[in-house]
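Observations on the three-dimensional arrangement
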Amino acid sequence: MGTGIAGLYVALRCRELGLRPTLITKARLEEANTRYAQGGIAAAVGADDSPALHLQDTLRAGAGLVDRAAAKALTYEAPARIADLVRYGVPFDTIEGQVALGREAAHSRARILHAGGDATGLSIEETLKARVMDAGIEVRESTALRGLRSEGREGMVALVSSDRGKHVEETGPGPVVLATGGAGSLYRQSSNPSIATGEGVAIAFRAGALLTDMEFIQFHPTVFWREGAPRYLITEAVRGEGAVLRNEAGERFLVGQHRDSELAPRDIVSRAVEREILRTGHPCVYLDATAIPRDRFFARFPSICRFLATYGLDPSRDWIPVTPVAHYMMGGVTTDLEGRTTLRGLYAAGEVASTGVHGANRLASNSLLEGLVFGERVARQLVHPVAASIPLPGRMVRLDWASGAGKGDLARSFEQVRDLLWENVGILRNGTNLRAALEELSALGRSVEPNDATSVPGPVANAVLTASLIARAALTRTESRGAHYRSDFPARRPVWRRHIGIVRKPPTGRRR
Ligand SMILES: Cc1cc2nc3c(=O)[nH]c(=O)nc-3n(C[C@H](O)[C@H](O)[C@H](O)COP(=O)(O)OP(=O)(O)OC[C@H]3O[C@@H](n4cnc5c(N)ncnc54)[C@H](O)[C@@H]3O)c2cc1C
């Protein structure tokens, strides 16, 4: 389910291993977060680098909550997965015959492979799409996953619909791989395309799957700001090349806040930018890339240059106005190292999965990689199952989610969700705002959930539910760690060096 890097790669590898997968996506095949990834994909392939260093950086960024075994798999298997992409034909950029490696925040080495300068995601998406076509894999576009039901020993039945739920079709029973991506566009300000509404999380939760780390939403600090303009990402790699952040007065406000200044981990830079915006009352800060030679900037970031040109900006001369926005979902559907969820026959890979590799703060450019590494493990597991088990989280929350009136205004409710998350469950959080958001989301849920327990909930009901899961986890975590910052609990607390899991209270009525 899903045709971003995780779904495409799992399908390709399953086909190569002798299975006959079907790919299902609610949008067009190529419309996925993957397409918009700019910076690149991390792997220790440089002469001065090693998987051990990549692992160390991943552990450090995750603020004490990274699962070491999962991160070890991620970093040590990265070079082999890059070799797969090369085999499929992804044209990574090179310099004098050697792979070109960029540097991004919190990486101790230059280890970011990129393609087409800043069009890495597009290049990967198009290449994998072409290989999926070559392999004759069946693809069903404009067909949304609407529900899941366990059946038999290893079987999962997927309920899918291509007409907004009027007719629901059942696939299987058989294994289902969730690769439905993240939830960034549930926030009013977001770098994500509109498909990213976290539906996979809500659907898995309804079916009874365990979720973890839902409170950890990563905010990207540098997205283009202009009234009415799209929220276009200016990749971290621009700072890796030497750009710095300035406020309206020209001051480098990050200097002195962290030893790595603008290359500090994302959560630190995002909060610093948000505070600077609140302090000055100016709606943005500025990325100053004027010290980077013009030719180098244009060769490395051609898409960004084209985008800025439409607003009359030239990065070798003009500062770029930027603001932080919601970007990435670190938690999701809990999996073991083989991509298995707590439901038999249900697997998850990519951003929808909570594999444990990101902890409280994802290291830049580790997410495309996660889709590949755990996508490979899912494919192998489907062919040659091995025993594994899911580590249970330190703190478990059981959430009740009941049928509703089914009469709410769907379009309005969706916009309310986006405002509520941005205002109350955003970069700087506190208990009062989180409680208020949860109450409003519960009321929204009661109005948009179907009124009989056998109907299949639609996208807005799923949006409200995923938002509630984020808010509930954020309220439960009474400390600040990584991307989760609470002004009423500003310190990291040792007692909270544990994960928060959320499962559904067993439903009273039958729900598909
Ligand atoms: C602007 C931007 C820049 C980024 N830059 C980088 C970067 O440089 N490096 C990096 O590593 N990461 C980057 N990321 C993050 C990275 O792109 C994503 O985490 C990754 O692409 C997720 O891949 P995925 O396959 O899990 O999901 P996606 O690529 O989001 O694909 C999800 C798929 O699921 C489908 N889907 C969703 N719901 C349903 C449903 N109910 N039924 C059926 N189908 C459904 C969607 O239509 C889509 O096909 C960036 C993200 C953005 C938005």
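Check the entry above for the structure.
The paragraphs below set out a description of the structure included in this document. (Residues numbered from 1 in each chain as written. Predicted model: local features only at pLDDT ≥ 70, side-chain atom pairs only at ≥ 80, totals over all residues. Heavy atoms only, no water.)

All right, on to the overall build of the chain then. Regarding its fold elements, the chain presents 13 helices and 21 strands. In terms of overall size, the chain behaves like a compact globule, its C-alpha atoms giving a radius of gyration of 22 Å where 512 residues would be expected to give roughly 24 Å. If you line up the chain on its principal axes, its C-alpha atoms span 60 × 50 × 45 Å. Sequence separation of at least 24 residues holds for 74% of the intrachain contacts in the chain that already meet a minimum separation of 6. Of the roughly 19400 Å² of accessible surface on the chain, 50% is carried by carbon and sulfur atoms. Taking the 65 positively charged and 56 negatively charged side chains of the chain as two groups, their mean positions are separated by 5 Å. (Helix = DSSP H or I, 4+ residues; strand = E, 2+ residues; numbered from the N terminus. Rg over C-alpha atoms; globule rule 2.2 N^0.38 Å. Contact = heavy atoms within 4.5 Å. Areas by Shrake-Rupley, 256 points an atom, 1.4 Å probe, with all protein chains shown as cover. Lys, Arg positive; Asp, Glu negative; His and termini not counted. Charge placed at Lys NZ, Arg CZ, Asp CG, Glu CD.)

A word on the site of the ligand. Surrounding the ligand, one finds 37 residues, the nearest of these being Thr34, Gly40, Leu145, Glu351 and Ser367. Asn33 has a polar backbone atom sitting 3.1 Å from an oxygen atom of the ligand. Note that a nitrogen atom of the ligand is positioned 2.8 Å from one of the backbone N or O atoms of Leu145. When the free accessible area of the ligand is taken as 1000 Å², the share hidden by the protein chains comes to 98%. Elements supplying a minimum of two residues to the shell around the ligand: α1 (5-16), β8 (144-151), β16 (320-329) and α10 (367-383). Broken down by class, the residue content of the shell around the ligand amounts to 13 nonpolar, 19 polar and five charged. (Near = heavy atom within 4 Å. Polar contact = N/O pair within 3.5 Å; in protein donor to acceptor, adjacent residues only side chain to side chain. Nonpolar A, V, L, I, M, F, W, Y, C, P; charged D, E, K, R; others polar.)

Moving on, we get to the pattern of salt bridges. On inspection of all chains with the given rule, the structure shows 40 salt bridges. Between Arg111 and Asp57 there is a salt bridge, with its nearest N and O atoms 2.8 Å apart. Here Arg111 is found in the loop between β5 (101-102) and β6 (112-113), whereas its partner Asp57 is found in helix α2 (residues 51-61), with 54 residues between them in sequence. Here Arg111 matches Asp57 in class, with each residue buried. (Salt bridge = Lys/Arg side-chain N within 4 Å of Asp/Glu carboxyl O. Buried < 20%, exposed > 50% of the residue type's maximum accessible area, 1.4 Å probe, protein only.)

Among the seven residues in strand β9 (residues 155-161), seven count as buried, and that is most of the element. Taking every second residue as pointing to the same face, both faces of β9 are buried, with Gly155, Val157, Leu159 and Ser161 on one and Met156, Ala158 and Val160 on the other. Looking at chain direction, β8 and β9 are connected through seven bridges and run antiparallel. The residue of β9 that forms the bridge with Ala144 is Ser161. Linking β8 back to β9 in an antiparallel pair, the connection comprises three residues, with Gly152 at a positive phi of about 75°. Across four bridges, β9 lies against strand β10 (residues 169-174) in antiparallel orientation. Among the inter-strand pairings, Met156 is bridged to a residue of β10, identified as Gly174. (Pairing = 2+ DSSP bridges.)

Another aspect to go through is the sheet that holds strand β17 (residues 332-334). Strand order in this open sheet of five strands is β19-β17-β12-β21-β20, and the pairing throughout is mixed. The open sheet is flanked by β19 (353-354) and β20 (395-399), the only strands paired with a single partner. Here β17 runs beside β19; their pairing, made up of two bridges, is parallel. Each bridged residue has a counterpart across the sheet, and for Thr334 the counterpart in β19 is Ser354. On the sheet, helix α13 (residues 459-476) packs against β12 (211-212), β20 and β21 (500-504) and is oriented at approximately 140° with respect to β20. (Axes fitted to C-alpha atoms, helices over the stretch in contact; angles between N-to-C directions.)

This part takes up the side chain of Thr334. Relative to the helices and strands, Thr334 is located in strand β17. Here Leu210 takes part through its backbone oxygen, which lies 2.9 Å from a polar atom of the side chain of Thr334. A polar atom in the side chain of Thr334 sits 3.1 Å from the side chain of Thr212. Among residues more than four places away in sequence, those in contact with Thr334 are Leu210, Leu211, Thr212, Arg340, Thr341, Thr342, Ser354 and Ile390.

Glancing now at α10. For α10, with 17 residues, the first-to-last C-alpha span of 24 Å sits near the 24 Å given by 1.5 Å per residue. The element α10 is largely enclosed, with a buried count of 15 among its 17 residues. (Expected span 1.5 Å × (residues − 1).)

For the rest of this paragraph, the subject is the sheet that holds strand β13 (residues 217-224). One open sheet accounts for four strands, arranged β13-β16-β15-β14; its pairing is antiparallel. Single-partner strands in this sheet number two, and they are β13 and β14 (244-246). On average, each strand axis in the sheet is inclined to that of its neighbour by 45°, with strand direction left out of account. As paired strands, β13 and β16 are joined by six bridges and run antiparallel to one another. Looking across to β16, one finds that Phe219 is bridged to Ala326.

With 60 residues, the main nonpolar core has Tyr187, Val425 and Leu469 as its most contacted residues. The element best represented in this core is α13, accounting for 12 residues. Those residues in contact with Leu469, other than ones at most four positions away along the chain, are Val201, Phe205, Leu211, Met214, Leu399 and Ile502. Within the second largest apolar cluster, 30 residues are counted, among which are Leu12, Phe92, Val357 and Val373. (Core = buried A, V, L, I, M, F, W, Y, C linked by side-chain atoms within 4.5 Å.)

Counted under the stated rule, the structure contains nine aromatic pairs. Ring centres of Tyr187 and Phe219 lie 5.7 Å apart, and the angle between their planes is 90°; on these two criteria the pair is classed as edge-to-face. With a gap of 32 residues between them, Tyr187 in the loop between β11 (176-178) and α5 (199-207) and Phe219 in strand β13 connect regions that are remote in the sequence. Accessibility assignment for this pair places Tyr187 and Phe219 in one class, buried. Here the aromatic residues Phe224, Tyr232, Phe307 and Tyr311 are joined through ring pairs into a cluster of three or more. For Lys72, the ring lying beneath its charged end belongs to Tyr76, and the centroid distance is 5.5 Å. For the cation-ring pair, Arg87 lies above Tyr88, with the distance from its terminal atom to the ring centre recorded as 4.8 Å. (Phe/Tyr/Trp six-rings, centres within 6.5 Å; stacked < 30°, edge-to-face > 60°. Lys NZ or Arg CZ within 6 Å of the ring centre and 35° of its normal.)

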